[in-house]
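Structural description and commentary
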Amino acid sequence: QVQLPESGGGSVQAGGSLRLSCAMSGRTFSSYAMGWFRQAPGAEREFVASITGSGGSTYYVDSVKGRFTISRDNAKNTVYLQMNNLKPEDTAVYYCAASLSTTAQRMSVVKEYRAYSWGQGTQVTVSS
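Our subject in this report is the structure included herewith. Here the structure is a predicted model, which means the values were calculated and not measured. Residues take numbers from 1 onward in each chain, read along the sequence in its written order. pLDDT decides what is reported in this predicted model: residues at 70 or higher carry local features, side-chain atom pairs at 80 or more are listed and counted, and totals for whole chains, interfaces and linings draw on all residues regardless. The basis for every side-chain value is the complete set of heavy atoms in the structure, and neither hydrogens nor water enter the calculation.

**A short note on the overall build of the chain**
Put simply, DSSP marks the helices as runs of H or I at least four residues long and the strands as runs of E at least two long, and each gets a number from the N terminus on. Broken down by element type, the chain carries 1 helix and 11 strands. Reading the helices (α) and strands (β) of the chain from amino to carboxyl end gives β-β-β-β-β-β-β-β-β-α-β-β. In terms of its C-alpha atoms, the chain occupies a principal-axis envelope of roughly 40 × 30 × 25 Å. Taking all 128 residues of the chain together, 42% fall into the buried category. Each residue is placed in one exposure class: buried if its accessible area under a 1.4 Å probe, protein chains only, is under 20% of its type's maximum, exposed if it is over 50%, and partly exposed if it falls in between.

Listed below in structure tokens is the structure:
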């Protein structure tokens, strides 16, 4: 079982910034495609961003392009989501996901959630 503890959530006003972190232990981190997903109350879980094992390619949902940046530090076994210019509609529980069998690009288009390992989620609340 892959452990993916997350940190960095919180409450901010619109226009503010947060950085989420997700650390993997005991695995060959660079072999995993990593992603961030979110789920708002009453809504389905949705893709936010993903990154290849090398960090060379990234993918984003249109609503966060230009505001969010996914990155990874393979030496620290950690993936990050830098969120700038936050909006109230970004309010959700954010989940880190890891996959050996799914590419980062595929994460962005196919809902293969059972194939992923998940973090416990971290709450992000943006007030207007």
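On we go from here.
**Overview of the packing of aromatic side chains**
Only Phe, Tyr and Trp rings take part, Trp by its six-membered ring, and two of them pair if their centres are within 6.5 Å. Stacked means planes under 30 degrees apart, edge-to-face means over 60, and tilted covers everything else. For the structure on display, the rule yields 8 aromatic pairs. Relative to Trp-118, the ring of Tyr-95 has its centre 6.3 Å away and its plane inclined at 90°; by these criteria the two rings are edge-to-face. Here Trp-118 lies in strand β10 (residues 117–118) and Tyr-95 lies in strand β9 (residues 92–99), a separation of 23 residues in the sequence. Look at Tyr-95 and you get buried, because its relative accessible area is 14%. In textbook terms, an aromatic cluster arises when at least three aromatic residues are bridged by ring pairs, as seen for Phe-37, Phe-47, Tyr-95, Tyr-113, Tyr-116 and Trp-118.

**Points about unusual backbone geometry**
A positive phi angle, near 55°, is found at Asn-77, a position not held by glycine. Checked against the element boundaries, Asn-77 lands in the loop between β7 (68–73) and β8 (78–83). Using a relative accessible area of 18% as the deciding quantity, one classes Asn-77 as buried. Even without being a glycine, Asn-85 presents a positive backbone phi close to 50°. For Asn-85, the location among the structural elements is in the loop between β8 and β9. When its relative accessible area of 42% is taken as the criterion, Asn-85 is described as partly exposed.

**Some details on the state of the cysteines**
Here, the term disulfide refers to a pair of cysteine sulfur atoms separated by no more than 2.5 Å. Within this structure, the stated rule accounts for 1 disulfide. The disulfide partner of Cys-22 is Cys-96, and the S-S distance across this bridge is 2.1 Å. Linking Cys-22 and Cys-96, the disulfide has an S-S dihedral of approximately -75° and is accordingly described as left-handed. One end of the pair, Cys-22, is in strand β3 (residues 18–23); the other, Cys-96, is in strand β9, and 74 residues separate them in sequence. The pair formed by Cys-22 and Cys-96 is uniform in burial state, with each residue classed as buried.

Any link to function would need more than the numbers given here.
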